[in-house]
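Here are the chains, one letter per residue:
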There are 2 protein chains.
Amino acid sequence: MVDMPVGHRSYGQACPVAHALDLIGERWALLVIRELRLGPRRYADLQSALPAISPSVLAQRLRDLELAGVVRKRTLSAPIRAQLYDLTPWGADLEAVFVALARWGNQSPHTPLTGELSDDTVMLGLRTFFRAGPAQWNATFQIHLEHESYHLRVRRGRLVELARAEPPGPVDAVISTSRAVLHALLTGALDNNSARASRQISSTGDSTAVDNLLATLTRPASPT
Amino acid sequence: MVDMPVGHRSYGQACPVAHALDLIGERWALLVIRELRLGPRRYADLQSALPAISPSVLAQRLRDLELAGVVRKRTLSAPIRAQLYDLTPWGADLEAVFVALARWGNQSPHTPLTGELSDDTVMLGLRTFFRAGPAQWNATFQIHLEHESYHLRVRRGRLVELARAEPPGPVDAVISTSRAVLHALLTGALDNNSARASRQISSTGDSTAVDNLLATLTRPASPT
DNA sequence: CCGGATCCTTATAGATACTG
DNA sequence: CAGTATCTATAAGGATCCGG
């Protein structure tokens, strides 16, 4: 096993769970990684997404996660010269852990959840709770929320991409709505027909594709 | 949302992942829960399974997890009068999180893992990496390792129960082996034919059932 | 500005001893 | 056996500062 950075506590067990927690179990670590699930971010982006983390802890976590091989730091070439953090392929494999944690957290008896709710959180809810559709369904979307825009790609009924980005090419439909409305759809507090009827969701492009997408989101239970 | 215990830090985000980490994200919490995955334990059992945890931290975690609704504390009636900790149904739902974490940890570039390796860890590896067999396969087993005995039940090709226990009734086969041998089988360092040939695994009862079980364990990759 | 480093204070974890 | 009490060592939280 590769040595841990000095000064790092390890659980000292030859158990894959303990090992995983040695790498990503410290306070804030998984939330930093979570911020990178929808695409690369800069240091300042992470700070504003996680206002309660202190700069020293954020810097420490990024260093540790980079050393662990979960996060990668890139410096964009001139004239941009910005530093970006993103997930390594192995870091992106934490997706299954996030899905399991989110589904479990959603079953919590301590609901409803309170606190900050960001555009990213709602979109990640969409990713976590997206249900596969018919195998012949292929579509691309752009979704605009208040502060961010996202690109979705559905292939064979499955959500194969969801990232913070302007679409690389033409999309089948562009959807504009608010964080609150999308959140209400995901939690089941609102159904897609009434949302569209009351013009809380607007779209341009292939409206059948939009209907299909909204249909996979409406749920019986109540995620967040 | 139900109030957190006073003095408890919360991430303060309305995100199911952040909420889950508020409840089970503190140091040692998931490892304490892990020790309960194979059945109830007493305080002293937990201490010896996690020798590096201090008594005050263990007591604190048990209190917090009980308050969170993940762990339950029971006092056995007279004349036993022992106190047992076990998982609530919702706590047991963390199974999916453990499986995801264990699979991720196993793909770590920092392997091979070093440190303590307990009977429980190896048996949990069996649970994590058990591959479903034919739907008509039903069987029960008892497995003896060095220090513990376990009860397994396979129904319709799936592992529906694996707990630290003497079997409640007759089993199809009783298997005796060592932690090291079972671990080697799971990691692929040893194959079941040579293990049985060299008598590192012995069994009584239905030997076809034993063959079927060992066949699901032998793997191409290398878990721990 | 952005990307941190530094300093100081507070909260938690770790170690050891001890008690109902 | 099942913890609590006490003390020390680290890590996190918060404010400020600094170099590119």
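Residues numbered from 1 in each chain as written. Chains lettered and ligands numbered in written order. Predicted model: local features only at pLDDT ≥ 70, side-chain atom pairs only at ≥ 80, totals over all residues. Heavy atoms only, no water.

Engineer: Account for the sheet that holds strand E5 (residues 158-164) of chain A, with residues named and values stated.
Structural biologist: One key point about sheets: their strands pair by backbone hydrogen bonds, in either a parallel or an antiparallel sense. Residues and elements named next belong to chain A. Judged by pairing direction, the sheet is mixed, and its 5 strands sit side by side in the order E5-E4-E3-E6-E7 without closing on themselves. This sheet does not close on itself; its edge strands, each paired only once, are E5 and strand E7 (201-205). Direction aside, neighbouring strands of the sheet carry axes that sit 20° apart on average. Here strand E3 (residues 139-144) runs beside strand E6 (residues 173-177); their pairing, made up of 4 bridges, is parallel. Bridge pairing links Phe141 to Ala173 in E6. This element, helix H7 (residues 119-129), spans E3, strand E4 (149-155) and E5 of the sheet and lies at about 170° to E5. Most of the contacts of helix H10 (residues 207-217) go to E3, to which it runs at about 75°, and overall it touches E3, E4, E6 and E7. (Pairing = 2+ DSSP bridges. Helix = DSSP H or I, 4+ residues; strand = E, 2+ residues; numbered from the N terminus. Axes fitted to C-alpha atoms, helices over the stretch in contact; angles between N-to-C directions. Contact = heavy atoms within 4.5 Å.)

Engineer: I'd love a proper account of the protein's contact with DNA strand D, names of residues and values included.
Structural biologist: Looking at DNA strand D, there are 20 residues lining it, with Arg27, Trp28 and Arg61 of chain A together with Lys73 and Tyr85 of chain B nearest. Sugar plus phosphate: this is where 74% of the atoms of DNA strand D within 4 Å of the protein reside. In the model, a phosphate oxygen of DNA strand D is placed 2.9 Å from a nitrogen or oxygen of the Lys73 of chain B side chain. Here Tyr85 of chain B contributes a side-chain N or O atom positioned 2.5 Å from a phosphate oxygen of DNA strand D. Elements that contribute at least two residues to the surface near DNA strand D include exactly helix H4 (55-68) of chain A together with helix H3 (43-49), helix H4 (55-68) and strand E2 (83-87) of chain B. Counting residues per element, the surface near DNA strand D draws most heavily on H4 of chain A, at 4 residues. (Near = heavy atom within 4 Å. Polar contact = N/O pair within 3.5 Å; in protein donor to acceptor, adjacent residues only side chain to side chain.)

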